[in-house]
Amino acid sequence: MVPGYQHDPQVGASASVQDAGASQEDEWKNIKVMLNCISGMVEKTQSAISILQQRQVEVANIRTAEELVAEAQAKANMAIMEVKQAALEEIREAKGRQRSDVQNNCKEESCWNCGRPATETCSGCSLARYCGPFCQHKDWEDHSRVCRPDLTMEDHSRLHRGAAGSPPARERTVDTPARSEVS
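What comes next concerns the included structure.

Cut-offs and rules
- Residues numbered from 1 in each chain as written.
- Predicted model: local features only at pLDDT ≥ 70, side-chain atom pairs only at ≥ 80, totals over all residues.
- Heavy atoms only, no water.
- Helix = DSSP H or I, 4+ residues; strand = E, 2+ residues; numbered from the N terminus.
- Buried < 20%, exposed > 50% of the residue type's maximum accessible area, 1.4 Å probe, protein only.
- Contact = heavy atoms within 4.5 Å.
- Salt bridge = Lys/Arg side-chain N within 4 Å of Asp/Glu carboxyl O.

### Considering the overall build of the chain
Part 1: When you go through the chain residue by residue, the secondary structure sums to three helices and two strands.
Part 2: Sequence-ordered secondary structure for the chain, helices as α and strands as β, is α-β-β-α-α.
Part 3: Counting across all 183 residues of the chain, residues that qualify as buried make up 15%.
Part 4: Considering only contacts in the chain between residues 6 or more positions apart, those separated by 24 or more positions represent 31%.

Encoded structure:
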(Lines give C-alpha, C1' and ligand atoms only; values in the text may rest on other atoms or scores of the structure.)
Protein backbone atom coordinates (compact mmCIF):
# COMPACT_ATOMS: atom_id res chain seq x y z
CA MET A 1 0.00 0.00 0.00
CA VAL A 2 1.17 3.39 -0.95
CA PRO A 3 0.47 6.16 1.39
CA GLY A 4 -2.04 8.66 0.06
CA TYR A 5 -3.12 6.21 -2.62
CA GLN A 6 -6.38 4.47 -2.19
CA HIS A 7 -6.64 0.91 -3.34
CA ASP A 8 -10.16 0.02 -2.60
CA PRO A 9 -12.57 2.54 -3.97
CA GLN A 10 -15.24 1.66 -1.41
CA VAL A 11 -12.86 1.75 1.49
CA GLY A 12 -11.42 5.03 0.15
CA ALA A 13 -14.85 6.50 -0.32
CA SER A 14 -15.86 5.78 3.22
CA ALA A 15 -12.54 7.17 4.48
CA SER A 16 -12.94 10.21 2.33
CA VAL A 17 -16.49 10.66 3.67
CA GLN A 18 -15.09 10.33 7.16
CA ASP A 19 -12.35 12.85 6.34
CA ALA A 20 -14.92 15.16 4.80
CA GLY A 21 -17.14 14.82 7.86
CA ALA A 22 -14.24 15.48 10.20
CA SER A 23 -13.14 18.41 8.16
CA GLN A 24 -16.67 19.83 8.15
CA GLU A 25 -16.80 19.46 11.92
CA ASP A 26 -13.48 21.26 12.20
CA GLU A 27 -14.77 24.04 9.97
CA TRP A 28 -17.90 24.40 12.14
CA LYS A 29 -15.73 24.44 15.25
CA ASN A 30 -13.56 27.13 13.65
CA ILE A 31 -16.65 29.11 12.67
CA LYS A 32 -17.98 28.76 16.21
CA VAL A 33 -14.63 29.98 17.64
CA MET A 34 -14.63 32.92 15.19
CA LEU A 35 -18.22 33.78 16.12
CA ASN A 36 -17.30 33.64 19.81
CA CYS A 37 -14.34 35.96 19.11
CA ILE A 38 -16.56 38.32 17.11
CA SER A 39 -19.19 38.20 19.87
CA GLY A 40 -16.48 39.01 22.45
CA MET A 41 -15.27 41.91 20.32
CA VAL A 42 -18.85 43.19 19.99
CA GLU A 43 -19.29 43.01 23.77
CA LYS A 44 -15.98 44.84 24.31
CA THR A 45 -16.96 47.45 21.72
CA GLN A 46 -20.34 47.93 23.42
CA SER A 47 -18.59 48.25 26.77
CA ALA A 48 -16.15 50.80 25.31
CA ILE A 49 -19.04 52.77 23.78
CA SER A 50 -20.87 52.72 27.12
CA ILE A 51 -17.73 53.96 28.92
CA LEU A 52 -17.29 56.73 26.33
CA GLN A 53 -20.93 57.76 26.70
CA GLN A 54 -20.54 57.88 30.49
CA ARG A 55 -17.42 59.97 30.14
CA GLN A 56 -19.22 62.27 27.72
CA VAL A 57 -22.03 62.66 30.27
CA GLU A 58 -19.42 63.27 32.98
CA VAL A 59 -17.74 65.91 30.82
CA ALA A 60 -21.12 67.52 30.21
CA ASN A 61 -21.79 67.38 33.97
CA ILE A 62 -18.39 68.88 34.65
CA ARG A 63 -19.11 71.66 32.16
CA THR A 64 -22.50 72.18 33.78
CA ALA A 65 -20.87 72.18 37.21
CA GLU A 66 -18.25 74.66 36.00
CA GLU A 67 -20.98 76.87 34.58
CA LEU A 68 -22.88 76.66 37.88
CA VAL A 69 -19.73 77.53 39.80
CA ALA A 70 -19.06 80.47 37.47
CA GLU A 71 -22.66 81.64 37.87
CA ALA A 72 -22.43 81.32 41.66
CA GLN A 73 -19.16 83.26 41.64
CA ALA A 74 -20.73 85.99 39.52
CA LYS A 75 -23.69 86.21 41.89
CA ALA A 76 -21.36 86.28 44.89
CA ASN A 77 -19.30 89.05 43.29
CA MET A 78 -22.47 91.04 42.62
CA ALA A 79 -23.60 90.54 46.21
CA ILE A 80 -20.19 91.66 47.46
CA MET A 81 -20.36 94.76 45.27
CA GLU A 82 -23.86 95.55 46.55
CA VAL A 83 -22.70 95.15 50.16
CA LYS A 84 -19.68 97.36 49.46
CA GLN A 85 -21.89 100.00 47.86
CA ALA A 86 -24.34 99.85 50.76
CA ALA A 87 -21.45 100.14 53.22
CA LEU A 88 -20.04 103.12 51.33
CA GLU A 89 -23.46 104.76 51.33
CA GLU A 90 -23.79 104.16 55.08
CA ILE A 91 -20.32 105.64 55.58
CA ARG A 92 -21.30 108.69 53.51
CA GLU A 93 -24.52 109.09 55.51
CA ALA A 94 -22.63 108.70 58.79
CA LYS A 95 -20.10 111.31 57.67
CA GLY A 96 -22.96 113.60 56.69
CA ARG A 97 -24.60 113.10 60.09
CA GLN A 98 -21.24 113.65 61.74
CA ARG A 99 -20.80 116.91 59.81
CA SER A 100 -24.30 117.97 60.86
CA ASP A 101 -23.51 117.10 64.46
CA VAL A 102 -20.26 119.04 64.24
CA GLN A 103 -22.10 121.99 62.71
CA ASN A 104 -24.77 121.77 65.43
CA ASN A 105 -22.08 121.53 68.06
CA CYS A 106 -20.41 124.52 66.46
CA LYS A 107 -23.71 126.38 66.65
CA GLU A 108 -24.10 125.34 70.28
CA GLU A 109 -20.55 126.48 70.88
CA SER A 110 -20.96 129.79 69.05
CA CYS A 111 -21.82 133.17 70.45
CA TRP A 112 -25.57 133.75 70.55
CA ASN A 113 -25.06 137.38 69.68
CA CYS A 114 -22.47 137.43 66.88
CA GLY A 115 -21.84 133.74 65.96
CA ARG A 116 -18.11 133.73 66.74
CA PRO A 117 -16.66 130.87 68.85
CA ALA A 118 -18.03 131.12 72.38
CA THR A 119 -15.82 131.08 75.47
CA GLU A 120 -18.30 132.10 78.17
CA THR A 121 -21.64 130.76 79.35
CA CYS A 122 -24.57 132.55 80.94
CA SER A 123 -24.46 131.93 84.70
CA GLY A 124 -28.26 132.15 84.95
CA CYS A 125 -29.23 129.30 82.58
CA SER A 126 -25.84 127.77 81.72
CA LEU A 127 -27.11 127.47 78.18
CA ALA A 128 -26.52 130.76 76.40
CA ARG A 129 -22.99 131.06 75.02
CA TYR A 130 -21.07 134.24 74.30
CA CYS A 131 -17.69 135.22 72.94
CA GLY A 132 -17.21 137.81 75.67
CA PRO A 133 -18.86 140.23 78.08
CA PHE A 134 -19.66 142.74 75.34
CA CYS A 135 -21.92 140.33 73.41
CA GLN A 136 -23.44 138.99 76.62
CA HIS A 137 -24.42 142.51 77.70
CA LYS A 138 -25.65 143.32 74.21
CA ASP A 139 -27.89 140.19 74.14
CA TRP A 140 -29.12 140.52 77.74
CA GLU A 141 -32.22 142.49 76.77
CA ASP A 142 -33.51 139.57 74.65
CA HIS A 143 -32.05 136.74 76.73
CA SER A 144 -33.30 138.08 80.06
CA ARG A 145 -36.88 137.23 78.98
CA VAL A 146 -36.13 133.49 78.74
CA CYS A 147 -33.16 133.03 81.10
CA ARG A 148 -33.91 130.59 83.93
CA PRO A 149 -31.95 127.71 85.51
CA ASP A 150 -34.09 124.96 83.87
CA LEU A 151 -33.93 126.42 80.34
CA THR A 152 -33.34 123.79 77.63
CA MET A 153 -32.28 124.23 74.04
CA GLU A 154 -35.74 123.03 72.93
CA ASP A 155 -37.39 125.71 75.10
CA HIS A 156 -35.07 128.33 73.68
CA SER A 157 -35.70 127.19 70.10
CA ARG A 158 -39.44 127.20 70.63
CA LEU A 159 -39.39 130.65 72.17
CA HIS A 160 -37.17 132.12 69.49
CA ARG A 161 -38.33 129.92 66.60
CA GLY A 162 -34.75 129.16 65.60
CA ALA A 163 -32.96 125.92 64.99
CA ALA A 164 -31.74 124.05 68.04
CA GLY A 165 -28.26 125.17 68.99
CA SER A 166 -28.25 128.19 66.77
CA PRO A 167 -27.95 131.71 68.07
CA PRO A 168 -31.35 133.34 68.27
CA ALA A 169 -32.49 135.47 65.42
CA ARG A 170 -32.16 139.06 66.44
CA GLU A 171 -35.51 140.67 66.51
CA ARG A 172 -35.00 144.35 66.08
CA THR A 173 -38.09 146.36 66.64
CA VAL A 174 -38.15 149.95 65.82
CA ASP A 175 -40.40 151.91 68.08
CA THR A 176 -43.02 153.22 65.74
CA PRO A 177 -46.35 154.59 66.76
CA ALA A 178 -49.11 152.07 66.45
CA ARG A 179 -51.02 152.55 63.32
CA SER A 180 -54.41 153.84 63.94
CA GLU A 181 -57.05 154.26 61.45
CA VAL A 182 -55.85 156.85 59.06
CA SER A 183 -58.62 158.89 57.57
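Back to the text.
### Concerning the pattern of salt bridges
Part 1: A full pass over the atoms with the stated rule returns five salt bridges.
Part 2: Here Arg-92 ties to Glu-89 by a salt bridge, and the two come within 3.6 Å at their closest N and O atoms. Of this pair, Arg-92 and Glu-89 both sit in helix 1 (residues 9-108), three residues apart, which is roughly one turn of that helix.
Part 3: In this structure, Arg-148 and Asp-150 form a salt bridge, with 2.8 Å as the shortest nitrogen-oxygen distance.
Part 4: The class for Asp-150 is exposed, based on a relative accessible area of 52%.

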